[in-house]
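# Analysis of the macromolecular model
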Amino acid sequence: MKKKSCKKLRQIRSSSLCSSKRKKHAKSKNCLKSSSSHQSRLPVTCGYKEGFLDLKKYYKRQKCILSEDHWFTPPEFERFGRKEKNKKWRISILCKGITLQKLIEDGFLLPKTFMKSRIHGDKKKKKQEVLQQQVVESAEKSNGSKGENDDDIDMTKFEGPTLPVACGSDSGVLHKCRFAGERCGRCIRTENSWLTPEGFIKLSKPDGIWRKDIVSNGVPLGRLIKKKVLELHTINCDCEICQELDQHLNDDVCFVCNSEGNLVCCDECPRAFHHHCHLPAVPEDSPGQWTCTFCVLKNMKGSSQKNQQDIMSSPVSQYTQHCQCLLLHLLRECMTDPCTNVPGGSENICGPMMLGRVKQNLENNNCPTVQVFVSDIEYVFHHCTSNRDNDFSRMMSRLMELLETIFKP
C-alpha cells in the first residue's frame with residue numbers, strides 16, 4: 001500500500017493551536033502537548049468506517065476508538081473497517097487523510113502496541129514448546145547415541161531447494177522456500193496436498209514433536225534448523241507465508257512443464273498448470289472455481305464394465321478424460337526422461353514435440369479409437385529411443401502401467 005504524503009499539523013488540528021513558525025521538532029512537540037490538553041479525541045477513518053481516537057485510552061493501550069457506539073482497539077477497528085488483510089493498523093487508520101504511522105514518525109503520536117490476548121497465549125505456548133524441545137535435545141545429547149553428533153552429518157545431502165522428509169510411514173518433499181515454522185508455511189508436498197510441519201506430523205503421530213519426529217535423510221528437522229539448513233521465522237513475522245495461512249495450497253510450477261508463470265490452480269488438488277499445458281486447454285479468462293482433468297476423472301462415478309480389449313476398440317469420445325490424463329502424465333515425464341535426449345536421435349521427433357502432435361490429434365478428434373491413440377504414442381516411443389531396445393522396453397512398460405491404472409475396468 002502506498003503511503004500518502006504527510007502534511008503540516010494544521011490539517012489535523014485547527015491552525016490556531018499551532019500558529020507560531022518554529023522549527024519542525026519544536027512545533028511537533030508543542031502541538032502534541034496542545035492536543036493532549038485541549039483536544040483529547042482525533043477524528044479517524046478506516047475504509048468506510050468513521051470514529052474518534054481517544055488519546056488517553058490510546059496511551060493506556062485500551063479500547064480507544066469509538067465508532068457506531070462501540071469501542072475498539074486499533075487492530076479491531078481495522079477489521080471493522082474491512083482492512084484486516086493489511087494487518088498494519090497504523091497504515092490502515094487515517095486521521096484526515098494522514099496515516100497514524102506518519103503521525104507517529106513525525107512525533108505527533110507516541111507508538112503503542114495493541115496485541116491480542118490470543119497472541120500472548122500463543123507466545124506462552126510457544127515458549128513452553130521451546131522449553132520442551134530444549135529438554136528433549138538435552139536428553140538426546142546426554143544419551144550420546146550414534147549419529148547424533150552434528151559433526152557426523154553429511155551436509156551435502158541437504159543442498160538444493162528441496163528435502164525428502166518422512167514421519168512414520170508417511171513421506172513427502174519439503175520445499176525450503178516455503179518453510180516458516182510449525183503452523184506457518186505449507187512447505188511439505190505430499191501426494192495429495194501441501195502441509196505445514198504440524199499438519200504433516202498429525203498424519204501418523206498426532207502427539208509427536210515435529211522437530212524430532214520429522215526427519216530428512218535420517219536427521220531431525222530440529223538439527224537442520226540448528227545447522228541453518230532451514231530458516232525458522234519469528235513468531236511476529238509478517239511475511240506472506242506467515243500471514244496468509246490459507247494461501248500456497250497449490251504448486252508453484254506447472255505440473256506438466258515444471259516451470260513458473262501464469263498458472264491456473266486446481267481447487268481439489270495441489271496441481272497447477274499453464275493454461276496451454278493442461279488438457280483440455282483452459283481459457284485464460286475462465287472465472288470461478290476450476291478442477292483439473294485428474295480430479296475430474298477421479299470424481300467420475302461408476303466404473304466401466306468393459307475389459308481391456310473392449311476399451312481399446314471403443315471410441316476416444318467415451319474415454320476422453322482417460323486419454324487426456326494418460327497424455328498429461330507422459331508429457332510431464334518426458335521433460336526429464338533421459339530417452340528424450342538420446343544421442344543420434346532427431347530433435348524434431350523427440351518426446352515433447354512428438355507427444356505434442358499426439359496431443360493435437362486428440363484435441364482435434366483425429367483419433368477414432370483408443371487403440372489408435374495408444375498406437376500414436378507407441379510410434380513416438382519407437383522414434384525417441386533411436387533403436388535402443390532397453391529404452392523402448394522401459395517406455396512401453398511405463399505406458400502399459402499407466403493404461404492399466406487409468407483405464408482400470
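A quick note: this is a predicted structure, and the numbers were derived from the prediction, not measured.

## Describing the pairing of strand β1 (residues 41–46)
Where burial is concerned, the two faces of β1 differ: the one with L42, V44 and C46 is buried and the one with R41, P43 and T45 is not. As paired strands, β1 and strand β2 (residues 49–54) are joined by six bridges and run antiparallel to one another. Counterpart to C46 in the pairing with β2 is K49. The hairpin formed by β1 and β2 contains two residues between the paired strands, and G47 there has a positive phi angle of roughly 65°.

## Quick look at the confidence of the model for the protein
Low pLDDT marks regions whose predicted coordinates should not be analysed in detail. Here the protein shows a mean pLDDT of 77. Residues at 70 or above account for 73%. In the predicted structure, residues 142–147 sits below a pLDDT of 50 and forms one contact with residues beyond four places in sequence or in another chain. Confidence over residues 338–350 falls short of pLDDT 50; this stretch has 24 contacts with residues more than four positions distant or in other chains.

## Brief notes about the packing of aromatic side chains
Counted according to the given criterion, the structure contains 10 aromatic pairs. With centroids separated by 5.1 Å and ring planes inclined at 70°, the aromatic side chains of Y58 and Y59 adopt a geometry described as edge-to-face. Residue Y59 is classed as partly exposed on the basis of its relative accessible area, which comes to 25%. Considering the side-chain rings of Y319 and F407, the 6.0 Å spacing of their centres and the 45° angle between planes classify their relative orientation as tilted. Remark: F407 occurs in the segment after α16 (389–406) and Y319 occurs in the loop between α12 (308–312) and α13 (320–334); sequence separation between them is 88 residues. The exposure class assigned to F407 is buried, which follows from its relative accessible area of 1%. Among the aromatic residues, those joined into a ring-pair cluster are F255, F273, W290 and F294. The ring of W71 carries K57 above its face, with NZ or CZ at 5.0 Å from the centroid. Against the face of F255 rests R332, its NZ or CZ located 4.2 Å from the ring centre.

Cut-off values and rules
- Residues numbered from 1 in each chain as written.
- Predicted model: local features only at pLDDT ≥ 70, side-chain atom pairs only at ≥ 80, totals over all residues.
- Heavy atoms only, no water.
- Buried < 20%, exposed > 50% of the residue type's maximum accessible area, 1.4 Å probe, protein only.
- Helix = DSSP H or I, 4+ residues; strand = E, 2+ residues; numbered from the N terminus.
- Pairing = 2+ DSSP bridges.
- pLDDT = per-residue confidence, 0-100.
- Contact = heavy atoms within 4.5 Å.
- Phe/Tyr/Trp six-rings, centres within 6.5 Å; stacked < 30°, edge-to-face > 60°.
- Lys NZ or Arg CZ within 6 Å of the ring centre and 35° of its normal.

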